[in-house]
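The primary structure of each chain is shown beneath.
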Amino acid sequence: MGLVFALTAALAYGAADFLGGIASRRTRPTVVVFLSQTIGLGVLAAFLPFLPGHFDVASIGWGIASGIAGVVGIGCLYTALARGRMGIVSPITAVVGASVPVCMGLVLGDRPPAHALLGVALAFVAVALVSITPDLREGSVREPGVLLALVSGLAIGALYVFLSRGSADGRIWLLAITRITSIIVLGLYALVVRAPLRPARGTTVAIVFAGALDMSANVLYVLATRVTMLAIAAVVTSLYPASTIFLAWIVLHERLNRVQWSGVACATAGILLIAWPG
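Predicted, not measured: the structure shown is a model, and the values here were computed from it.

Colleague: So what exactly am I meant to see when it comes to helix H10 (residues 241–252) here?
Modeller: Each α-helix turn comprises 3.6 residues. Residues three or four places apart therefore point the same way. Along H10, the residues that are buried comprise Pro241, Ser243, Thr244, Ile245 and Ala248. Close packing links the buried residues of H10 with helix H1 (2–24), helix H4 (86–107) and helix H11 (258–275). In the segment just after H10, histidine 253 is the residue with positive phi, at about 60°.

Colleague: What should I look at first to understand a nonpolar patch on the surface in this one?
Modeller: Taken together, Phe55, Val57, Ile60, Ile64, Ile68, Val72, Val151, Trp173 and Val185 make up a surface patch of nonpolar side chains, about 720 Å² in accessible area. For the nonpolar patch, the elements supplying multiple residues, two or more each, are helix H3 (59–83) and helix H7 (171–192). Examining the composition of the nonpolar patch, we find that 4 residues originate from one element, H3, more than from any other. With respect to the helices and strands, isoleucine 60 occurs in helix H3.

Colleague: Help me out: how do you make sense of the packing of H3 against helix H6 (residues 146–163) in this one?
Modeller: The packing of two helices is summarised by the inter-axis angle and the distance between the axes. H6 packs onto H3 with a crossing angle of 150° between their chain directions and a minimal axis gap of 8 Å. In this view, H3 runs roughly antiparallel relative to H6, as classed from their interaxial angle. The element H3 and its partner H6 pack so that their crossing is left-handed. Across the interface between the two elements, Trp62, Ala65, Ser66, Ala69, Gly70, Val72, Gly73, Cys76, Leu77, Thr79, Ala80 and Arg83 from H3 touch Leu148, Ala149, Val151, Ser152, Ala155, Ile156, Ala158, Leu159, Phe162 and Leu163 from H6. Grouping the constituent residues of the contact of H3 with H6 by class yields 16 nonpolar, 5 polar and 1 charged.

Colleague: I tried to follow the state of the cysteines on my own but got confused; where do I start?
Modeller: Put plainly, two cysteines are in a disulfide when a covalent bond ties their sulfur atoms together. The tally for this structure, following the rule as stated, stands at 0 disulfides. This cysteine, cysteine 103, is not joined by any disulfide, and cysteine 266 carries the nearest cysteine sulfur, 17 Å off. The class of cysteine 103 is partly exposed, set by a relative accessible area of 34%.

Colleague: Please explain the nonpolar core as it appears in this structure.
Modeller: When a protein is soluble and globular, its nonpolar side chains tend to lie buried together. One finds Leu44, Tyr78, Tyr221 and Val235 to be the most contacted residues of the largest nonpolar core, which totals 64 residues. Apart from the residues lying within four places of it in its own chain, the contact partners of tyrosine 78 are Ala16, Asp17, Gly20, Gly21, Ser24, Pro29, Val32, Val33, Ser36 and Ala210. Of all hydrophobic cores here, the second largest spans 6 residues; its members include Val95, Val96, Ala123 and Ala267.

Colleague: Help me out: how do you make sense of the environment of threonine 27 in this one?
Modeller: By the element assignment, threonine 27 lies in the loop between H1 and helix H2 (29–47). The buried category is assigned to threonine 27, whose relative accessible area is 9%. Taking the C-alpha atoms as reference points, threonine 27 and alanine 200, separated by 173 residues in sequence, lie 5.4 Å from one another. Residue contacts for threonine 27: discarding those within four places in its chain leaves Val32, Arg198, Pro199, Ala200 and Thr203. Polar side-chain contacts of threonine 27 include one of 3.4 Å to the backbone nitrogen of alanine 200.

Colleague: Which parts of the structure should I look at to understand the environment of valine 235?
Modeller: Note on placement: valine 235 falls in helix H9 (residues 230–237). Relative accessible area serves as the criterion here: at 0%, valine 235 is assigned to the buried category. Spatially, the C-alpha atom of valine 235 lies 8.1 Å from that of glycine 97, the residues being 138 residues apart in sequence. Beyond its immediate chain neighbours, meaning those up to four positions away, valine 235 contacts Ala98, Val102, Ile271, Ile274 and Ala275.

Colleague: Looking at this model, I keep getting lost on the packing of H1 against H3. Mind explaining?
Modeller: It is at 8 Å that the axes of H1 and H3 come closest, and there the two elements cross at 65°. The interaxial crossing formed by H1 with H3 has right-handed handedness. Between H1, through Ala16, Asp17, Gly20, Gly21 and Ser24, and H3, the contact on the second element is made entirely by Leu77, Tyr78, Leu81 and Ala82. For the contact of H1 with H3, the class distribution of residues is 5 nonpolar, 3 polar and 1 charged.

Analysis parameters
- Residues numbered from 1 in each chain as written.
- Predicted model: local features only at pLDDT ≥ 70, side-chain atom pairs only at ≥ 80, totals over all residues.
- Heavy atoms only, no water.
- Buried < 20%, exposed > 50% of the residue type's maximum accessible area, 1.4 Å probe, protein only.
- Helix = DSSP H or I, 4+ residues; strand = E, 2+ residues; numbered from the N terminus.
- Contact = heavy atoms within 4.5 Å.
- Patch = residues over 30% accessible without salt bridge, like charges linked within 9 Å, V, L, I, M, F, W, Y side chains within 5 Å.
- Areas by Shrake-Rupley, 256 points an atom, 1.4 Å probe, with all protein chains shown as cover.
- Salt bridge = Lys/Arg side-chain N within 4 Å of Asp/Glu carboxyl O.
- Axes fitted to C-alpha atoms, helices over the stretch in contact; angles between N-to-C directions.
- Parallel < 35°, antiparallel > 145°, perpendicular 65-115°, else oblique.
- Left-handed = near helix turned anticlockwise from the far one by under 90°.
- Nonpolar A, V, L, I, M, F, W, Y, C, P; charged D, E, K, R; others polar.
- Disulfide = S-S within 2.5 Å.
- Core = buried A, V, L, I, M, F, W, Y, C linked by side-chain atoms within 4.5 Å.
- Polar contact = N/O pair within 3.5 Å; in protein donor to acceptor, adjacent residues only side chain to side chain.

What follows is the structure, encoded as structure tokens:
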């Protein structure tokens, strides 16, 4: 059941990223993130009475940390999606984000099997391959959005770790604290820089669906961590670029060269190796 939750979360995350990236090309990413996060909180509030678990005071600190990581991760991701190609930005964010929980486990004393470590290595190879431009002469740093995607991946990886902390019964409420923190941080940022939080015409529907899907994915991921290991839940959830790339291919007609497609294949293989039981 944990794998089903994680895979469904991956589908929802991918669709949310696509819609958020589309909206961010027409209005400021700060606006998209703030409004989508607010919509997501409303969705969570509606379903919270029907979800398992109870409020845990010990989760407050982890919720605040998760909220800050989430703001950085989603903000950088939507900005990167607006500047670069979704088929490149999304896999980079995913493989870096998937590697963080595994590396954290190593630091804390976990000993993943050899195939999981091979998966992490493949993930970083994928970052290099998928970032190469069509003429193969420009490195990953020159590809628009890549550096932001790397930062986003680190922040999202931290978010995965933080959301798995605390008691299993308190993680849904931890998600509520996370989202409230994100909204407060973004609101204060907009107030300081005097940035209006009004979306551009024609982007409201995409923002609403992005927020609802993102929160649904968060809930599914948290449910997955209740019944399976952190590394497994995180890396399977990180398969979300598949749906983002598919939607970008269908709607935006984005094309990748053979080297970049090999990078996407390495990303998929790396994540599957990390999640492989044993």
